[in-house]
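Reading the structure
If you want the building blocks of each chain, they are given just below.
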Amino acid sequence: MLRSMLLGATALVWAGAALASEDIADKYPQSVLYNKPVEVIPGVWSSIGATAPPTYENAGHNNNLSFIITGDGVVVINSGASYKLAEALHAEIRERTDQPVKLVIAENGQGHAMLGNNYWIDQGVPVLAHVDAAHEFEKDAGQGLASLQNYARENAEGTVPMAPTLTFEDSYDASMGDFRIEVLHLGPAHSAGDTQVWLPEQSLMIAGDIAFQERMPPIFEGTCTSCWIETWETAFEPLNPTYVIPGHGHPTNLAQVRRYTHDYLVYLREQIRAHIDEGGDLTSAYYVDQSPYTHLDTFEELATKNAGVVFSEMEWE
């Protein structure tokens with residue numbers, strides 16, 4: 001019975017995936033959030049961000065902000081890209097439960113995961129991050145705030161970069177109420193300190209940026225794509241989650257995020273390897289064939305950049 005409820009709830013979420021588009025400016029105009037939160041499975045909610053770069057129109061909400069109503073308090077995943085986004089998410093939580101927020105977990109050290117920290121800390125809520133993500137945020141927070149103020153304008157008001165109050169290295173037991181909650185760092189992936197939130201009894205993974213769908217994953221300078229693939233194959237995939245809330249894109253299943261994350265990384269590395277073996281240089285590497293992925297949001301913004309980064313990574317492998 002429970003499994004049929006979960007499948008039914010998830011099917012409703014998947015039905016909304018066809019609406020994903022980086023051209024839609026705002027799907028929840030009465031809130032600074034891009035999307036009204038949806039219940040993915042009983043007790044687990046997510047406000048799905050835009051599948052686009054951060055803009056004034058989406059207020060920087062271009063990742064997924066999730067929360068778990070445990071029966072003994074609420075666990076939030078990602079503080080949000082600003083004070084106002086965190087405040088808006090808290091308002092949505094209060095509409096659904098009178099249970100207090102007891103923990104915020106950041107999925108990485110990027111601004112959209114942690115620039116809202118000061119809102120939650122002001123409420124007396126601890127914020128947890130991987131040690132590497134905390135270091136990354138400390139290093140880049142000033143630049144992240146400047147970027148937020150530039151594109152979000154008045155929606156950046158109140159945001160003051162603040163470090164997480166708790167850190168972990170390999171794993172952290174955040175179990176609460178009716179939920180066993182495992183906070184994991186499965187290994188190197190998209191960015192420093194990538195963090196996954198695993199609900200083993202529900203077979204649901206709040207994956208963070210190890211997993212993308214509907215939009216092309218950005219590959220940063222310094223990202224080790226071979227490490228990302230290895231982490232996926234040796235640590236993420238063996239958990240075999242039934243339901244996946246990716247870092248970006250609608251909740252889905254393992255096959256979908258494999259297709260648009262792992263398989264994309266493998267494909268791009270194969271294209272770049274063939275290019276290098278044929279004597280190709282960086283200038284022409286930008287234009288290797290990525291046509292199987294042209295339908296993904298952010299393809300125009302990211303495809304050539306990704307190819308250049310992977311060429312630089314692989315040139316001396």
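This report concerns the structure included in the present document. Quick caveat: nothing in here was measured; it's all calculated off a predicted structure.

1. Let's talk about the pairing of strand β3 (residues 65–69)
In terms of burial, β3 is largely enclosed, as five of its five residues are buried. The alternating pattern of β3 places L65, F67 and I69 and S66 and I68 on opposite faces, both of which are buried. Here strand β2 (residues 44–47) pairs with β3 via four bridges, running antiparallel. Paired with S47 across the two strands is L65, which belongs to β3.

2. Comments concerning helix α2 (residues 83–96)
Taking 1.5 Å of rise per residue, 14 residues should cover 20 Å, and α2 covers 21 Å from first to last C-alpha, within 8% of that figure. Burial in α2 covers these residues: Y83, L85, A86, A88, L89, H90, E92 and I93. In this structure, the buried side of α2 is in contact with β2, β3, β4 (74–77), β5 (101–105) and α4 (117–122).

3. Here we look at the sheet that holds strand β8 (residues 171–173)
Across the sheet, which stays open at both edges, the five strands sit in the order β8-β9-β10-β11-β12 with mixed pairing between neighbours. Every interior strand has two partners, whereas the edge strands, β8 and β12 (243–248), have only one. Strand-to-strand twist in this sheet, taken as the mean axis angle between neighbours without regard to direction, amounts to 25°. This element, helix α7 (residues 254–277), spans β11 (204–212) and β12 of the sheet and lies at about 10° to β11.

4. Overview of the sheet that holds β4
If you walk across this open sheet you meet the seven strands as β1-β2-β3-β4-β5-β6-β7, and the pairing is mixed. A single partner strand is all that each edge strand has here, and the edge strands are β1 (38–41) and β7 (166–168). Averaged over all neighbouring strand pairs, the angle between strand axes comes to 25°, with direction disregarded. Pairing of β4 with β5, which is carried by four bridges, proceeds in the parallel orientation.

5. Re the pattern of salt bridges
Throughout the structure, instances matching the rule amount to 11 salt bridges. Ionic pairing is found between R258 and E237, a salt bridge with its closest N-O pair at 2.5 Å. In this pair, R258 sits in helix α7 while E237 sits in the loop between α6 (225–236) and β12, placing the two residues 21 residues apart along the sequence. Assessed through its relative accessible area of 27%, R258 is described here as partly exposed. The class of E237 is partly exposed, set by a relative accessible area of 21%. In this structure, D277 engages R273 in a salt bridge whose closest nitrogen and oxygen atoms are separated by 3.6 Å. Here R273 and D277 lie together in helix α7, a separation of four residues that amounts to about one turn.

Basis of the calculations
Residues numbered from 1 in each chain as written. Predicted model: local features only at pLDDT ≥ 70, side-chain atom pairs only at ≥ 80, totals over all residues. Heavy atoms only, no water. Buried < 20%, exposed > 50% of the residue type's maximum accessible area, 1.4 Å probe, protein only. Helix = DSSP H or I, 4+ residues; strand = E, 2+ residues; numbered from the N terminus. Pairing = 2+ DSSP bridges. Expected span 1.5 Å × (residues − 1). Contact = heavy atoms within 4.5 Å. Axes fitted to C-alpha atoms, helices over the stretch in contact; angles between N-to-C directions. Salt bridge = Lys/Arg side-chain N within 4 Å of Asp/Glu carboxyl O.

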